[in-house]
Each structure stands twice: as structure tokens, then as C-alpha cells.
Amino acid sequence: PSSPKLSGQLQGDFQHPPISRNSLEGLSTKMFLRGRPITMYIPSAFSNYEEMRMELPVEKLQLDWVYGYRGRDCRSNLYVLTSGELVYFIACVVVLYHVQRRTQRHYLRHTDCVRCLAVHPDRVRVASGQMAGVDKDGKPLQPSVHIWDSSTLLTLQQIGLGSFERGVGSLAFSTADDGAYLCVIDESNEHMLSVWDCARGVKQVEIKSTNESVLTVEFNPQDSSNIITTGKSHVYFWTWSGNSLTKKQGIFGKYKKPKFIQCFVFDTNRDVLTGDSEGNILTWARVAADTRTLGKGAKETYQISKQTRAHEGSIFSLCLCRDGTVLSGGGKDRRLVQWSPNLTLVQEILEQFGAVRTIAEGDDGELLVGTTRNALLRGTFAEGFRLPLQGHTDELWGLGTHPSRDLFVTCGYDRQLCMWDGGEHTLAWSVTLEETGLCADFHPSGRVVTVGLSTGRWVVVDTETLQVLSGYTDGNEQLSVVRYSPNGEFLAIGSHDNFIYIYSVEESEHKYTRFGRCVGHSSFITHLDWSKDGKFIMSNSGDYEILYGWVPHATLLSCKLLRNRFENRDREWASYTCVLGFHVFGVWPDGSDGTDINSLCRSHHERVVAVADDFCKVHLFQYPCAKPKAPSLVYGGHGSHVTNVRFTHDDGYLISMGGKDTSIFQWRVLAGSRSTSSPQDAGAST
């Protein structure tokens, strides 16, 4: 698998010389990657190749569903809107999910990963803050905060361009004045604290906060001139007056100073409750200021009045409910606890899907819980909790689509193999693999799926019983690709040991017999495809080779490398996922170093080809794409290198996966006409 771009990485030559006539009396063209020539022979059907024009594809993509939730490393990531929708984020997308109606809407205006949210007191307007990023040319993209209307998805203000460094860490709307102001903490070394006028997008005041990490910020709900921040080894009580901000540090006195104060809420008495890394809830009571020592006009201060032992290990989240009770969520102990207003334990439940990252109260007393294992739960203490949403927790690479249904499987570094139902927008099942899963493919029957692992081992899983039917090992290096032949009689496995292993498939996909090994590549296998007659394979490698192999018959116990690539120019391929080849070489951008494209997939109707690149984008090209600098529709939303793309069985959807952002996007493929096709129609750029 390709890795994300490294800054300063050497860029190689990428050229498209003119067509030349070779010694075999056929036409060829060349491209260069890192100075290495790659010759591609022009199929005989392309007699008018020189006059051929590349246009934008007729089809377009529209984001249909986002699978996943970012709970593993983010706070302020789950709220309930007045519409009844949950609002949360993953990658560059803010998702509005109505659980009962099973609908999603998406706010798509961010250019890099979203890290925090705040909801206005009207529960309609939303503020979302993003990280800084870089474009494909390495130029920095400035972080900012978007204030937008959740009913229309229209952006009302974009604030902070040029003001924030690295990214936005925490956000909070004021409450006492109906959300007139927004407080922002950035991710710079000084963690700058700034207050902005929401209506005008104008900064009111700014100050250095602390060199230590800041985890949360909130306005006092009764007084917008009072702001509180917490984080590593501190609680700060800020007073805002005009163009100045002054802070008073919370004094722990006889109480042990915790390493982190990770959350806080105001209780019904306007006291402050903090949850810390020691598992304690500290009550900070309001105390009238001593004007003799602090001066005339000094405001009230806070002192610790009570310590409540609540959890073993960190407290990640606190929530004040409408009935005055308080909820706390544990990290190490994974307990969700309900407390009375005076912090007497009422009831608790053990969370099965990870540490409790965040808690929100929905309508009718329903609770929403987000966990560090990227799961969202809803329910009550009395009735228990259901799991409407669960995602992967680590980098994704493997993707396979079902041959006849809107189902697909994903796998990655978290060792989870997940089956998703694209029609129902649900996780059908999940099983734990022995090791990291890097590639997957369905048998044409759809009854089994084969998964290639990081150690050279591969397993065959029954899609109904979830049992591992078979397990084999080829070499001791990671497997990059597994692919069944169109009739299901053979399985080809591409390894990082430079070999392609061929197995015959017998006994209803339960028995696999090593039939041959294809040799000839001088680098690791990256992609491979079968011909429509199931007798040939085309493969790519890490040093940009295009090779062809002949799989004649199981009784020959061999796989023959075809040295004469000219003779394969007219061969028809059952799938086209190889990133190097005559039919797709136009997808490569100028200046590419050969790792910019991670995955490619031709549609089943052979009209378009989708591309996953290293710059967080999904592209849609016309197929065949056999001319340099071909135009494409470009779709954003992922916040990491896009590792894989696949069309579903009837080309109704395209599935794309982000690597480190752990997101899975399901795009609806929209048909169109040449006269009406426009990138703006589907929110794309060219």
C-alpha cells in the first residue's frame, strides 16, 4: 500500500511522448514515472487514437452516506439538534444523522479534518473548527471556523482565516446573550484564546492561554464575561471586559492536582464540576470576591468545596441533564454513571464499545453516547443501549464489493473485517481477524470473501456463518491484492515478495489447491486483474511494471509469464483495477512520483473510472482514459490519503475509503447527459 505524501519527497518526471511505431508494426505510446519509461501498446480498436478527445464523464457522484464517527481522539463531537438529528463529524464532513428516519445530510465546506463542534443555543446554528492542511502542491491551507445553518446547510460565517495556527481545538457559543459570541482555542504553542462576534465574524479579543494543552472551553451560562478553560494541570477562570481578558488559576489546595482536567459542566447551582484523570469529580463553588485584595469591581471566584470519587482512571465526559442529574463517562473503567444533583450515585452501566468519550441528552430523556472505539449508542439506563453506528478505529486498506447485492466488506489495521449493507446503510456484521487485513475480494457466488493479511497469510470467511473456512500462507510478507477469476475457478494472490500465487477453487469455495506461481516482477505486487475468459492476468508492481501471465489449465501446474506485451493489447479484462495500463494512463497527474494514485476501478458498464489519490480526493474520469491530462470530476471529504475505491455490483454506488481518517464514503452514481453534465451539479471541481 502507498503511504501518505512525505514533505520534500522527490518528484519524478511524468511525460507523454508522441505516438511511435514499434518494430512489431503496431502503435505504442509511453509515459515516464521517476524517469522510467512505460510502453503501452494501443489496441487495434483505437485506429483514430490521435484524434481521440477526452471529456468529463457524463456520470457524477453525490455523497449518499458516511460510515464512521471520530471518537477515538476528539472531544466536543456529538450533539442533538432541534430537528432531532445527531450532529457529529468524521474526516472533513459534518454529518447530520436522523436515527429514526435513517437519513443523513452532510456539511461539506471544510477543506481539512474537522476537530470540534459547538451548537448554538437555538440548536439550529452550528460552529465547526478544522485543522490546517496542505494542498497537493504542498501549500498550506489555513484553519478556520465555519458557522452554518443546520436546516439549510448554508455557511453564515467563516471566521479566523489567518488567525489560527495548526488548527482549532475547542469551541463554545455564549449562552447568556443568545449565542452572540463564539470562543475559540487554537492549537498553537500558546493555545490562543479568542472571542468572536458571530453575526459579523469580527474578533473581539485575543490572548495567549497557556503552553499546556487545552481540552475544553465554555462560557458561564449566566454571564458571558466569564469563560472557563481546562486541560493539562490547570483550570482557568477568565474574565472578559472590553478588549481585555484576565485569568485566575483554580487553586487545588489540599486536593491532589490531577495531570489532566478533561471535562467540566456548570451544575444547577452555577457551581462548576470538573472531571479529571484521577477519576474524581471536583465541585468548584462560587465565592464572592474580596474587593479589599482584588480591587473594586472584582467578580466572584471559585474554590473546591467537594471531591467525589467517581471512576477508576480518567473521566472523559460530564453532562448536565435537564432534570438536574449529572452523567459521567469513564475512560479506563468504561462506566456510564448517573448522579443526583448533590452527586449521590443513582445508577450505572458498563459500556461494551470502548471508553465513554462524550455524552449528550436527546429528546424524551434518551441518552447519546460516543466512544473511543468510534461507536455511537442511544438508549436509557432502564431500557439499555442500542448501537446505531459503529466504525473502524485504525487505518483502512481492504475493500471488496459483493457480486450481486449492495454489500461490501472493509478491513484494516484494527483487525476488523466488517460487512456493510449499502442499501440499509448499516453494519451487517464484524469479525476480528488474526492480523491486519490489507485486501479483500468476494467469490463470484457471494458466499465467501477472501482476506489477505499482513503476514502472508490469507483466510476465507463464510459470509453467512462468519466462520473461517480456510487459512493459507504464501511467503512471509504482506499481501497487497486478492482477486477471484470471473468464473470463480481460480484465486490470484499478489504479495510483497514479488510473486503472484494462483489457487484452484473447489468444493463450493471450501477447498483451495496451490496451482502455480507467477514470477517475473522485480518489485512487490500492487494490483492485478483477470481477463474476461479467466485465462490471463494483468499485474502492476512497485517499480511500475505492467506484466501479463497465462493461467492455462490446472493440470499444467504452472503460470506462464507472457514476454510479448504487444500481443495483449486487445485482450478484454473482467475488471480494471491496475493503475498502469493503456486504458487508464491518462488519470496520472503531471509531476507524479508513481505513488500518487492508490487505487483505481472501472465501472461494470465500462463508461467511467474512479481514482483514489494521495491528496484526499476521489476522481471520476471518462473510460477509457488514454490521453494525457484528461479532465476529471474531483470530490473532497476525506481527510487522509484515499486508499481504495470500488463500484457496487450494478454501478449504483461507488465506495471510497480514507486511510488514517478511518472513514468510508458511499457515493451515489448519478446518470446524466453530455449537455447537462456539470461539476457544480454534484459539488465537484475539475
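Residues numbered from 1 in each chain as written. Predicted model: local features only at pLDDT ≥ 70, side-chain atom pairs only at ≥ 80, totals over all residues. Heavy atoms only, no water.

Caption draft 1: Representation of the overall build of the chain within the structure. For the chain, the helix and strand inventory stands at one helix and 57 strands. In terms of overall size, the chain behaves like a compact globule, its C-alpha atoms giving a radius of gyration of 28 Å where 686 residues would be expected to give roughly 26 Å. Its C-alpha atoms give the chain principal-axis dimensions of roughly 100 × 50 × 40 Å. Buried residues in the chain amount to 59% of all 686 residues. Contacts in the chain between residues at least 24 apart in sequence constitute 48% of all its contacts with a sequence separation of at least 6. A gap of 3 Å separates the mean positions of the 69 positive and 76 negative side-chain charges of the chain. (Helix = DSSP H or I, 4+ residues; strand = E, 2+ residues; numbered from the N terminus. Rg over C-alpha atoms; globule rule 2.2 N^0.38 Å. Buried < 20%, exposed > 50% of the residue type's maximum accessible area, 1.4 Å probe, protein only. Contact = heavy atoms within 4.5 Å. Lys, Arg positive; Asp, Glu negative; His and termini not counted. Charge placed at Lys NZ, Arg CZ, Asp CG, Glu CD.)

Caption draft 2: Structural detail: the nonpolar core. Tyr-88 and Leu-654 are the most contacted members of the largest nonpolar core, which totals 44 residues. At five residues, the largest contribution of residues to this core is made by strand 4 (residues 60-67). Those residues in contact with Leu-654, other than ones at most four positions away along the chain, are Leu-61, Ala-610, Val-618, Val-645, Arg-646, Phe-647, Phe-665, Gln-666, Trp-667 and Val-669. (Core = buried A, V, L, I, M, F, W, Y, C linked by side-chain atoms within 4.5 Å.)

Caption draft 3: Structural context of the sheet that holds strand 16 (residues 181-186). Judged by pairing direction, the sheet is antiparallel, and its four strands sit side by side in the order 15-16-17-18 without closing on themselves. The two strands at the open ends of the sheet, each matched to only one other strand, are strand 15 (168-173) and strand 18 (202-207). Mean inter-strand twist for the sheet, computed between neighbouring axes without regard to direction, equals 20 degrees. Across five bridges, the pairing between strand 17 (residues 193-197) and strand 18 is antiparallel. (Pairing = 2+ DSSP bridges. Axes fitted to C-alpha atoms, helices over the stretch in contact; angles between N-to-C directions.)

Caption draft 4: Broad picture of the environment of Ile-502. For Ile-502, the position within the fold is in strand 45 (residues 500-506). You can call Ile-502 buried: its relative accessible area is 0%. In this structure, the C-alpha to C-alpha distance between Ile-502 and Ile-349, residues 153 residues apart in sequence, is 51 Å. Excluding its chain neighbours within four sequence positions, the residues that come into contact with Ile-502 are Phe-490, Leu-491, Ala-492, Thr-513, Arg-514, Phe-515, Gly-516, Cys-518, Trp-530, Ile-537, Val-551 and Cys-559.

Caption draft 5: Representation of the UniProt feature "transmembrane region" (unreviewed entry) in the chain within the structure. Within this structure's numbering, the places UniProt gives as "transmembrane region" (unreviewed entry) are residues 78-99. Between the end C-alpha atoms of residues 78-99 there is a gap of 14 Å, over a span that is 0% helix and 64% strand. (UniProt positions renumbered as here; feature names shortened; annotations may be inferred.)

Caption draft 6: Expanded view of the pattern of salt bridges. Under the defined criterion, the tally for this structure stands at 28 salt bridges. One salt bridge in this structure joins Arg-36 and Glu-545, with 3.9 Å as the shortest N-O distance. On the criterion of sequence distance, the pair formed by Arg-36 in strand 3 (residues 36-41) and Glu-545 in the loop between strand 48 (536-541) and strand 49 (546-550) is long-range, its members being 509 residues apart. On the basis of relative accessibility, which here comes to 15%, the residue Glu-545 falls in the buried class. Salt bridges sharing common partners tie together Arg-36, Asp-543 and Glu-545. (Salt bridge = Lys/Arg side-chain N within 4 Å of Asp/Glu carboxyl O.)

Caption draft 7: Examining the packing of aromatic side chains more closely. Inspection of every chain in the model, using the stated rule, returns 29 aromatic pairs. Seen from their ring centres, Phe-237 and Tyr-302 are 4.8 Å apart, and the 10 degrees between their planes marks the pair as stacked. With Phe-237 in strand 21 (residues 234-241) and Tyr-302 in strand 26 (residues 301-309), the pair connects residues that are 65 residues apart, well separated along the chain. Of the two residues, Phe-237 and Tyr-302, neither departs from the other in class, the shared state being buried. An angle of 80 degrees between the planes, with centres 5.3 Å apart, marks the rings of Phe-252 and Trp-284 as edge-to-face. (Phe/Tyr/Trp six-rings, centres within 6.5 Å; stacked < 30°, edge-to-face > 60°.)

Caption draft 8: Highlighting the sheet that holds strand 56 (residues 653-658). Reading across from one edge, 4-57-56-55 is the order of the four strands in this open sheet, with antiparallel pairing throughout. Single-partner strands in this sheet number two, and they are strand 4 and strand 55 (642-647). Taken pair by pair, the neighbouring strands of this sheet meet at an average axis angle of 25 degrees, ignoring direction. With seven bridges joining them, strand 4 and strand 57 (residues 664-670) adopt antiparallel strand pairing. From the neighbouring strand, Gln-62 faces strand 57, where its bridge partner is Arg-668.

Caption draft 9: Layout of the side chain of Thr-325. With respect to the helices, strands and loops of the structure, Thr-325 is situated in the loop between strand 27 (315-320) and strand 28 (326-330). Side-chain polar atoms of Thr-325 contact the side chain of Asp-323, separated by 2.6 Å. Discounting chain neighbours no more than four positions away, the residues touching Thr-325 are Cys-319, Leu-320, Gln-338, Trp-339 and Pro-341. (Polar contact = N/O pair within 3.5 Å; in protein donor to acceptor, adjacent residues only side chain to side chain.)

Caption draft 10: Local environment of the pairing of strand 39 (residues 437-442). Most of strand 39 is tucked away: six of the six residues are buried. Bridge analysis of strand 39 against strand 40 (residues 448-453) gives five bridges, and the strand direction is antiparallel. Along strand 40, the bridge assignment pairs Phe-442 with Val-449.

Caption draft 11: Quick peek at the environment of Thr-308. Structurally, Thr-308 can be placed in strand 26. C-alpha of Thr-308 to C-alpha of Leu-343: the two residues are 35 residues apart in sequence and 7.4 Å apart in space. Ignoring anything within four residues of it in the chain, the contact list for Thr-308 reads Gly-279, Asn-280, Ile-281, Trp-339 and Leu-343.

Caption draft 12: Seen up close, the side chain of Asp-271. Structurally, the position occupied by Asp-271 is in the loop between strand 23 (261-266) and strand 24 (272-276). Asp-271 gets classed as buried once you look at its relative accessible area, which sits at 13%.

Caption draft 13: Spatial organisation of the pairing of strand 16. In terms of residue burial, strand 16 counts as a mostly covered element, since five of its six residues are buried. By the bridge criterion, five bridges tie strand 15 to strand 16 in an arrangement that is antiparallel. By the bridge assignment, Ala-172 is partnered in strand 16 with Cys-183. Note: strand 16 against strand 17, five bridges, orientation antiparallel.

Caption draft 14: A look at the confidence of the model for the chain. Of all residues in the chain, 92% have pLDDT values of 70 or greater, and the mean over the chain is 90. In this model residues 675-682 is a low-confidence stretch, pLDDT under 50, and it forms 14 contacts with partners more than four residues away in sequence or in other chains. (pLDDT = per-residue confidence, 0-100.)

Caption draft 15: A look at the environment of Tyr-635. Locating Tyr-635 in the fold gives a position in strand 54 (residues 633-635). For Tyr-635, a relative accessible area of 1% puts it in the buried group. Taking C-alpha positions, Tyr-635 is 9.2 Å from Leu-63, a pair spaced 572 residues apart along the chain. From its side chain, Tyr-635 meets the backbone nitrogen of Leu-61 in a polar contact 3.0 Å long.

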